[in-house]
Number of protein chains: 2
Amino acid sequence: MAGQGAAFTIGVDYGTNSVRAVVVDCADGRALGTAVCDYPSGTEGVLLDPRDPHLARQNPADYLVGLTTSVRGALAQADTETGFSRDRIIGIGVDTTGSTPLPLDGGNRPLALDPRWRDSPAAQAWLWKDHTAAEEAAAITETARRCAPEYLSPIGGTYSSEWFWSKIWHCRKVAPDVFEAAASWVELADFVPSVLAGVTHPGDIVRGVCAAGHKAMYSEGWGGLPSREFLCLLDPALGRLRDRLYTKAYSADRAAGVLAREWAETFGLQTGIPIAMGAFDAHYGAVGAGVRVGTFVKIIGTSTCDIAIADGHQRIPDIPGICGIVPGSVMPGFYGIEAGQSAVGDLLRWWVELVCQGREALHAELSREAARLRAGASGLLALDWNNGNRTILVDPRLTGLIVGQTLHTTRAEIYRALVEATAFGARAIIARMEQYDVPIERVVCCGGIAEKNDLFMQVYADVIGMPMLTAGSPQTPALGAAIAAAVAAGARAGGYDRFEAAQQRMTTLGARTFVPDPAAHAVYDELFALYGELHDTFGAVSATRGNLASLMKRLLALRERALA
Amino acid sequence: MAGQGAAFTIGVDYGTNSVRAVVVDCADGRALGTAVCDYPSGTEGVLLDPRDPHLARQNPADYLVGLTTSVRGALAQADTETGFSRDRIIGIGVDTTGSTPLPLDGGNRPLALDPRWRDSPAAQAWLWKDHTAAEEAAAITETARRCAPEYLSPIGGTYSSEWFWSKIWHCRKVAPDVFEAAASWVELADFVPSVLAGVTHPGDIVRGVCAAGHKAMYSEGWGGLPSREFLCLLDPALGRLRDRLYTKAYSADRAAGVLAREWAETFGLQTGIPIAMGAFDAHYGAVGAGVRVGTFVKIIGTSTCDIAIADGHQRIPDIPGICGIVPGSVMPGFYGIEAGQSAVGDLLRWWVELVCQGREALHAELSREAARLRAGASGLLALDWNNGNRTILVDPRLTGLIVGQTLHTTRAEIYRALVEATAFGARAIIARMEQYDVPIERVVCCGGIAEKNDLFMQVYADVIGMPMLTAGSPQTPALGAAIAAAVAAGARAGGYDRFEAAQQRMTTLGARTFVPDPAAHAVYDELFALYGELHDTFGAVSATRGNLASLMKRLLALRERALA
């Protein structure tokens, strides 16, 4: 680290419901200013369709409003700190949800900002948890299995309905006018940096390997995006789109651009400071939580994203059901390994808010009551699949299951069973990684649930049988983005030349640590075996499981016919 | 019917939470007076143990208070009707829950009335839904399979924890002092008539074949109760008890006794009028609903009891999983066939009151919302086993299951799925009966749920694919008991000589009839097939179903260890 005195960076974190900006001291990672802007549109920022529970979009205008508001707010707060000066901001980093692609016009403007497309759901941003493209995902998987199995190896063997190509293809089918009007498509993680850099043509967007490699089947191994021929097999229009996208995606060892004059003026910052490569919230969150080889980072919020890294110089095997292994996606020089669970906080929210019709107070009450129960005492067991299964089974159309109810089963017992279900899901992912020699020596948790819910963390420790450590920062994605900005700026500007050095100074562990109770862990070993039986049967892992393997799907087929 | 002018009888119906008396006109079954007395003890009349959800007892003192209060109330109301006179009451009939055995002292007094035993749970009446004797039931089944398989044939192949011998044997194990102090044991259905008849020694109680045949393995085929040797195999103390019970049980073609002077004075009735043979609520309920060969009566309340009858002159086969086939148990001259579901209204009550924390208004709201859903549209499927499975699997330790939840699943959808689950359970019972050639030409429903919940009845029609007729009387068990009293009095006294003749005049159908919707029925045909897969897998019907067959039991074992 160079000696020019104080240096600061800004991390901007685009979540599902809001955007948060943080001004960070490069010396120790301390936050000097934080501001959150809730997206103004839709239901808590999400555009829903009452007729289709799979649809989840966002208004791109919210991203721009949120950028200005949150960064201004964080800077205003930092201004009150002694020793801070906007002149000493040396870089900006951005992380976002993903895969959240949106269509652009030829001027790098979101189509949805054009009055012609403002009311078209397909012209909005397709939020990560949009599941409308299940058919397309299945067809992509099927086609790749037949013609290009190499595309599936690094993504766990199954292409997801949450991802880039599924969503764009679905747009092409349901809203061909939007598809035709789009000059290009961009992941939100690449879009925001391109806006800050003043990019006025989609061809000039610098694309990060994080979104490209994890969601768009990009790999240098086969020359970038999937081949034109492969995309034409799906739909010739997708083949044509390929030429308007990109040929190269980059790791965070280069910047996405430099701050454009208009944004520098808006924020009172120096023009030309670097904008770090955009990445997904989980990836920069892992950086902010101190990920390193042997550390498994769990970002636990509405859903959970798990991140590990492995030495980039050794070839590591593909891991079935692990949804992404991409060189350089988390930090340059390492394989980024991503897994996840589709509903964690959302599962508890479903129970407390939709079913039990409660609010925060009921969350707290059920959590307290559930904490008094002993492992196994409810006789309940649940599958955590109310929003599908993202890792291991990679099937967004699986559904939830609860078994063991009596006439005396309470809602607190079910609450705890749902927490346990997500913990079993988490343990299944760790077991799968260890089975493929990804070392896991410590688990560091961050995210809203990890911050707030002690019951949850203790159940995880007891189920997984390892201490649950917590990250020192309550906003690890924004901190990770700020770290990426410090690395983009480099040591000479007051930042760092390497992520490892930046993490060493800018990240800490939190004081809260949850240690497994051996007796509870022994009970959970047995319950986990039962969970495994339900998982493998209803998840159709084994062909010998009989008819139940397809039961959830047959229920969905009946549902679709009934609603048709 | 003779021509002495007006004649009336009294039916007294002992339910789970209250006792109801009805004064009925023998000419047309019209109720002239009705009174209900809620049991004063426990939680809505049931003595519970917070440490053991399987325990359900009743205070025998409540039965005596309830008898006096309800009969006096019904008579007082009838007194206001023109043409009624207490002198023209020609008989009394009694029905009760069962199997609800209670221990007696040598003077035919319930042990629990003795201050020495007042606080002993084992000295109380063991309510039908007490499930503490699961181990004893399993041992009785196992011993009978080995040594006396004939005992199991008429009761579906499995002896239940809800039944006479299981409960008494459990008492002998957990409260040997109570067991030793008991001069005899009696079913509530036989006890109340014996009280009205002034019986002062348990040996003088006239026992009905309904309780004996359905719950105590009584059959004339093997000389009455199970042999002393068989009972000694279980426990020599049970063998000794056999000698203090009874050798003969009777069909309702004879009376249980005549009204004792003290009760005649209490009620202002004639001394010496006949008291009909006591029977279970479902059996006399079926009589009151107009049961005949080809009519399937469903008494739908907290649980459901199904009653059919078959010609008593033809030998009918034993039906696996159907819990009782007893000559004369419903009406003299016919086989009485009994089946049932352990939780129906209770299942909805669990959902609405315990989980959703609502009251009557929420029952109505969820029922209205659920009625707007189409068959199959929720994507949910449930097993109705929160209180075990009484018919077909005959396993009180099975538990509930719900599958198909998403993050958008509402409590109204779950409410409907639970209603559907009980309808699938009902259809499984009908299918089993038809498979064994019990003719089912019409279904007549009665009981609280059938009276009140139109959604419920329509779902049943749609699932079963037959019209759901309703009984004309809202109180069929009490009406059936009153019909039995009219038959006990006989035509010469102003009653009837045969049940069929009495039913012809005294029972009607209600105006509410629910006709299947063909489209919904087609969807339910498919859902019923899926229900069958869950049923057979988790109910361990097929040995090839793998580990899931024991999953519910392994969860319970974990639960018991956790709570130990």
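Residues numbered from 1 in each chain as written. Chains lettered and ligands numbered in written order. Predicted model: local features only at pLDDT ≥ 70, side-chain atom pairs only at ≥ 80, totals over all residues. Heavy atoms only, no water.

(A) Molecular detail of the overall build of chain A. Tallying secondary structure elements over chain A gives 19 helices and 22 strands in all. A globule of 564 residues ought to have a C-alpha radius of gyration of about 24 Å, and chain A, at 23 Å, matches this closely. Dimensions of chain A, computed from C-alpha atoms along their principal axes, come out at roughly 65 × 55 × 50 Å. Within chain A, buried positions represent 64% of all 564 residues. Residue pairs in contact within chain A that sit at least 24 positions apart in sequence constitute 72% of those at least 6 positions apart. Carbon and sulfur atoms form 50% of the exposed surface of chain A, whose accessible area is close to 19200 Å². (Helix = DSSP H or I, 4+ residues; strand = E, 2+ residues; numbered from the N terminus. Rg over C-alpha atoms; globule rule 2.2 N^0.38 Å. Buried < 20%, exposed > 50% of the residue type's maximum accessible area, 1.4 Å probe, protein only. Contact = heavy atoms within 4.5 Å. Areas by Shrake-Rupley, 256 points an atom, 1.4 Å probe, with all protein chains shown as cover.)

(B) Quick look at the packing of helix H13 (residues 411–435) of chain B against helix H18 (residues 518–538) of chain B. All names here are of chain B. One can describe the packing of H13 onto H18 by two numbers: an axis separation of 11 Å at closest approach and a directional angle of 80°. Between H13 and H18, the angle is such that the two are roughly perpendicular. Between H13 and H18, the contacting residues are Arg416, Glu420, Ala421, Phe424, Gly425, Arg427 and Ala428 on the first element and His521, Tyr524, Asp525, Leu527, Phe528 and Tyr531 on the second. (Axes fitted to C-alpha atoms, helices over the stretch in contact; angles between N-to-C directions. Parallel < 35°, antiparallel > 145°, perpendicular 65-115°, else oblique.)

(C) View of the pattern of salt bridges. All names here are of chain A. According to the stated counting rule, one finds 46 salt bridges over all chains in the structure shown. The partner of Arg57 in a salt bridge is Asp130, with the nearest N and O atoms 2.7 Å apart. Of this pair, Arg57 sits in strand S5 (residues 52–58) while Asp130 sits in the loop between strand S8 (125–126) and helix H2 (134–147), and the two are 73 residues apart along the sequence. Accessibility assignment for this pair places Arg57 and Asp130 in one class, buried. Salt bridges sharing common partners tie together Glu44, Arg349, Glu353 and Arg359. (Salt bridge = Lys/Arg side-chain N within 4 Å of Asp/Glu carboxyl O.)

(D) Seen up close, the sheet that holds strand S17 (residues 324–327) of chain B. Residues and elements named next belong to chain B. With mixed pairing, the six strands of this open sheet are ordered in space as S17-S18-S16-S15-S21-S22. Each edge of the sheet is formed by a strand with only one pairing partner; in this case those strands are S17 and strand S22 (468–470). Here the strands of the sheet are splayed against their neighbours by 25° on average, with no regard to which way each runs. Sheet topology places strand S21 (residues 440–446) next to S22; three bridges connect them, and they run parallel. Paired with Val443 across the two strands is Met468, which belongs to S22. (Pairing = 2+ DSSP bridges.)

(E) Spotlight on the environment of B:Val186. Residue and element names in this part refer to chain B. Among the secondary structure elements, Val186 is positioned in strand S9 (residues 184–187). Along the backbone, Val186 and Ala212 are 26 residues apart, and their C-alpha atoms lie at a distance of 9.9 Å. Non-local contacts of Val186, meaning those with residues more than four positions away in its chain, are made with Thr100, Pro101, Leu102, Leu104, Phe191, Ile205 and Arg207.

(F) Geometry of the sheet that holds strand S15 (residues 294–300) of chain A. All names here are of chain A. Spatial strand order, S17-S18-S16-S15-S21-S22: six strands in an open sheet with mixed pairing. Of all the strands in the sheet, just strand S17 (324–327) and strand S22 (468–470) have a single pairing partner and so form its edges. Here the average twist between neighbouring strands, direction ignored, is 25°. Note: S15 against strand S16 (residues 304–311), four bridges, orientation antiparallel. Within the sheet, the bridge partner assigned to Val297 lies in S16 and is Ile307. Along the sheet face, helix H15 (residues 454–464) touches S15, strand S21 (440–446) and S22 and points at about 140° away from the line of S22.

(G) Geometry of the pairing of strand S7 (residues 101–104) of chain A. Residue and element names in this part refer to chain A. Taking every second residue as pointing to the same face, both faces of S7 are buried, with Pro101 and Pro103 on one and Leu102 and Leu104 on the other. Bridge count for S7 against strand S9 (residues 184–187) is four bridges, and the pairing is antiparallel. Residue Pro103 lies in a different strand from S9, and its bridge partner there is Trp185.

(H) The packing of aromatic side chains, seen in detail. Applying the stated criterion across every chain, the model contains 31 aromatic pairs over all chains. Geometrically, the ring pair formed by A:Phe528 and A:Tyr531 is stacked, given 6.1 Å between the ring centres and 15° between the ring planes. Linking A:Phe528 with A:Tyr531, this pair stays in helix H18 (residues 518–538), spanning three residues, or about one helical turn. Three or more aromatic residues joined by ring pairs form one cluster here, namely A:Trp350, A:Trp351, B:Trp350 and B:Trp351. Over the ring of A:Trp126 we find A:Arg57, and its NZ or CZ is 3.5 Å from the ring centre. (Phe/Tyr/Trp six-rings, centres within 6.5 Å; stacked < 30°, edge-to-face > 60°. Lys NZ or Arg CZ within 6 Å of the ring centre and 35° of its normal.)

(I) Here's a closer look at the relation of the copies chain A and chain B. Mapping chain A onto chain B is achieved by rotating through 180° and translating by 0.0 Å along the same axis, at an RMSD of 0.1 Å. Seen this way, the second copy is the image of the first under a two-fold rotation axis. Mapped onto chain B, 98% of the interface residues of chain A again fall at the interface, so both copies present the same surface. (Least-squares fit on C-alpha atoms with pLDDT ≥ 70 in both.)

(J) Summary view of helix H17 (residues 499–506) of chain B. Residues and elements named next belong to chain B. Of the residues making up H17, those classed as buried are Phe499, Ala502, Gln503 and Met506. Projected down its long axis, H17 shows its buried positions confined to an angular sector of 100°, all on one face. Those residues of H17 that are buried are in contact with strand S2 (18–25), helix H10 (281–288) and helix H16 (476–489). (Arc of directions from axis to C-beta.)

(K) View of unusual backbone geometry. All names here are of chain A. A cis amide bond links Gly98 to the next residue, Ser99, at an omega of 0°. Looking at the secondary structure, you find Ser99 in the loop between strand S6 (89–96) and S7. The residue Glu44 is not glycine, and still its phi comes out positive at about 50°. Assignment of secondary structure puts Glu44 in the loop between strand S3 (31–38) and strand S4 (47–49). By relative accessible area, which is 46% here, Glu44 ends up partly exposed. Positive phi outside glycine occurs at Ile392, with the angle close to 85°. Look at Ile392 and you get buried, because its relative accessible area is 14%.

(L) Highlighting the interface of chain A and chain B. Each partner contributes residues to the interface: chain A has 55 residues there, and chain B has 54 residues. The junction of chain A with chain B conceals about 4700 Å² of combined surface from both sides, 63% of it contributed by carbon and sulfur atoms. For the chain A face of the interface with chain B, the top three residues by lost area are A:Gln405, A:Leu407 and A:Leu555, together amounting to 14%. Taken together, chain A and chain B are joined by zero salt bridges. Along the contact surface separating chain A from chain B lie 16 residue pairs in polar contact (both at pLDDT 80 or more). Every element with two or more residues in the side of chain A that touches chain B is listed here: helix H11 (345–355), strand S20 (400–405), helix H13 (411–435), H18 and helix H19 (551–563) of chain A. (Buried area = accessible area lost by both parts, 1.4 Å probe. Polar contact = N/O pair within 3.5 Å; in protein donor to acceptor, adjacent residues only side chain to side chain.)

(M) Representation of the pairing of strand S2 (residues 18–25) of chain A in the model. Residues and elements named next belong to chain A. Burial analysis of S2 places seven of its eight residues in the buried class, which makes it a mostly covered element. Judged from the seven bridges that link them, strand S1 (residues 8–14) and S2 form a sheet pairing that is antiparallel. Bridge pairing in S2 places Tyr14 opposite Val19. The hairpin formed by S1 and S2 contains three residues between the paired strands. Across seven bridges, S2 lies against S3 in antiparallel orientation. In the sheet register, Val19 faces S3, and the bridge partner there is Cys37. Turn length for the S2-S3 hairpin, with the two strands adjacent in sequence and antiparallel, is five residues, and the turn residue Gly29 shows positive phi of about 80°.

(N) Spotlight on the confidence of the model for chain A. Confidence in the prediction for chain A averages 94 pLDDT; 98% of positions are at 70 or higher. Confidence estimates for the predicted assembly give a pTM of 0.86 and an ipTM of 0.85. (pLDDT = per-residue confidence, 0-100.)

(O) Local environment of the environment of A:Gly312. Residues and elements named next belong to chain A. Within the fold, Gly312 resides in the loop between S16 and S17. In this structure the C-alpha to C-alpha distance between Gly312 and Gly404, which are 92 residues apart in sequence, comes to 46 Å. For Gly312, the residues in contact, after removing those within four places along its chain, are Gly333, Phe334 and Tyr335.

(P) Highlighting the packing of helix H2 (residues 134–147) of chain B against helix H3 (residues 164–174) of chain B. All names here are of chain B. In the contact formed by H2 and H3, the axes pass within 8 Å of each other and the chain directions differ by 120°. On the basis of the axis angle, H2 is oblique to H3. The way H2 lies across H3 gives a crossing that is right-handed. Across the interface between the two elements, Glu136, Ala137, Ala139 and Ile140 of H2 pack against Trp165, Ser166, Trp169, His170 and Lys173 of H3. Residues belonging to the contact of H2 with H3 are distributed by class as follows: five nonpolar, two polar and two charged. (Left-handed = near helix turned anticlockwise from the far one by under 90°. Nonpolar A, V, L, I, M, F, W, Y, C, P; charged D, E, K, R; others polar.)

(Q) Representation of helix H1 (residues 60–79) of chain A in the model. All names here are of chain A. For H1, built from 20 residues, the straight-helix expectation of 28 Å at 1.5 Å per residue is met to within 8% by its first-to-last C-alpha distance of 29 Å. Among the residues making up H1, those that are buried are Pro60, Asp62, Tyr63, Gly66, Leu67, Thr68, Ser70, Val71, Ala74, Leu75 and Ala78. Among the residues of H1, the N-terminal cap falls to Asn59, whose side-chain oxygen and the backbone nitrogen of Ala61 are separated by 2.9 Å. (Expected span 1.5 Å × (residues − 1).)

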